[in-house]
Amino acid sequence: MKQEKEIIEETIKIPIDMVVDVLSVILKENLTHEIIQVIPNRSLIVVAITYDKKFSRHQNALYDIQTMLEDYTNFRSEEEEEEENVNWR
């Protein structure tokens with residue numbers, strides 16, 4: 001009995017500060033990936049990740065990556081709010 005694969009491709013934008021962290025998860029979990037774009041003026045790279053939906057390990061890895069990127073975005077937005085509230089007098 002042969003199982004069919006449910007291949008999904010996700011495209012993510014990775015800030016340059018997070019490249020090593022995200023790529024380490026991608027390589028550790030042996031996810032198929034391709035850097036499809038570099039946006040130098042925004043310090044981002046765009047990566048296409050292909051994985052099989054039937055493998056929970058791949059789904060967990062992608063969830064971990066998305067969580068890391070969300071945490072990073074939240075951290076950066078909080079940092080910007082603090083800079084706006086500083087009284088420079």
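It should be noted that the structure appears before, not after, this text.
Every residue gets a number counted from 1 within its own chain, in the order that chain's sequence is written. For this predicted model, a pLDDT threshold of at least 70 governs which residues receive local features, and a threshold of 80 or more governs which side-chain atom pairs are given and counted, while totals over whole chains, interfaces and linings are taken from all residues. Heavy atoms throughout the structure, all of them, feed into the side-chain values; hydrogens and water do not.

What about the overall build of the protein?
Part 1: Scanning the protein from N- to C-terminus turns up two helices and three strands.
Part 2: Numbered from the N terminus, helices here are DSSP runs of H or I no shorter than four residues, and strands are runs of E no shorter than two. Seen in sequence order, the protein has helices and strands lined up from the N terminus as β-α-β-β-α.
Part 3: Accessibility here uses a 1.4 Å probe with only protein chains present; expressed as a share of the type maximum, an area under 20% marks a residue as buried, one over 50% as exposed, and anything in between as partly exposed. The burial tally for the protein puts 28% of its 89 residues in the buried class.
Part 4: It only takes one pair of heavy atoms within 4.5 Å for two residues to be counted as in contact. For the protein, restricting intrachain contacts to residue pairs at least 6 apart in sequence, the fraction spanning at least 24 positions comes to 65%.
Part 5: Accessible surface is estimated by sampling points in the Shrake-Rupley manner with a 1.4 Å probe; for residues, cover comes only from the protein chains shown. Looking at the protein as shown, the accessible area adds up to about 7100 Å², and 47% of this sits on carbon and sulfur atoms.

Some remarks on helix H1 (residues 19-28)
One turn of an α-helix holds 3.6 residues; hence residues three or four places apart share an orientation.
Part 1: When H1 is considered as a whole, its buried residues turn out to be Val19, Val22, Val25 and Ile26. Each buried residue of H1 lies within a common arc of 140° when the element is viewed along its axis, so the set occupies one face. More than 90 degrees from the buried face of H1, the exposed residues found are Val20, Leu27 and Lys28.
Part 2: Downstream of H1 by a residue or two, Asn30 has a phi angle that is positive, lying close to 55°. The arc in question is traced by the directions running from the helix axis to the C-beta atoms.

Re the layout of surface pockets
Part 1: Grid points spaced at 1 Å and placed over the protein atoms alone form the basis of the search, with a cavity being a set where a 1.4 Å probe fits but cannot get out and a pocket an open set showing protein on both sides within 12 Å along at least five of seven lines. Lining residues have an atom within 4 Å of a point. Grid points are joined across faces, edges and corners, and a volume is the space filled by probe spheres set on the points. Empty space within the largest pocket amounts to approximately 220 Å³.
Part 2: In terms of lining residues, the largest pocket is bounded by Lys13, Pro15, Arg42, Leu44, Tyr72, Thr73, Arg76, Ser77 and Glu80.
Part 3: The dominant element in the lining of the largest pocket, judged by the number of residues it contributes, is helix H2 (residues 56-84), at five residues.

Some words on the sheet that holds strand E2 (residues 32-39)
Part 1: Strand pairing requires that DSSP identify at least two bridges connecting the strands. Judged by pairing direction, the sheet is antiparallel, and its three strands sit side by side in the order E1-E3-E2 without closing on themselves. Edge strands, defined here as strands with exactly one partner in the open sheet, are strand E1 (7-15) and E2. The sheet shows a mean angle of 20° between the axes of neighbouring strands, direction not considered.
Part 2: Note: E2 against strand E3 (residues 44-52), seven bridges, orientation antiparallel. Every angle, taken between N-to-C directions, lies between 0 and 180 degrees, and every axis is a line fitted to C-alpha atoms, over only the stretch in contact when it is a helix.

A short note on the nonpolar core
Part 1: Within the largest apolar cluster, 17 residues are counted, with the highest numbers of intra-cluster contacts made by Ile12, Ile14, Val22, Ile49 and Ile65.
Part 2: Among the elements of the structure, E1, H1, E3 and H2 are those that each provide at least two residues to this core.
Part 3: With five residues, H2 is the largest single contributor of residues to this core.
Part 4: If near-sequence neighbours (up to four positions away) are discounted, Val22 is found in contact with Ile12, Ile14, Ile65, Met68 and Leu69. Among buried residues, those of type Ala, Val, Leu, Ile, Met, Phe, Trp, Tyr and Cys that are joined through side-chain atoms within 4.5 Å constitute a nonpolar core.

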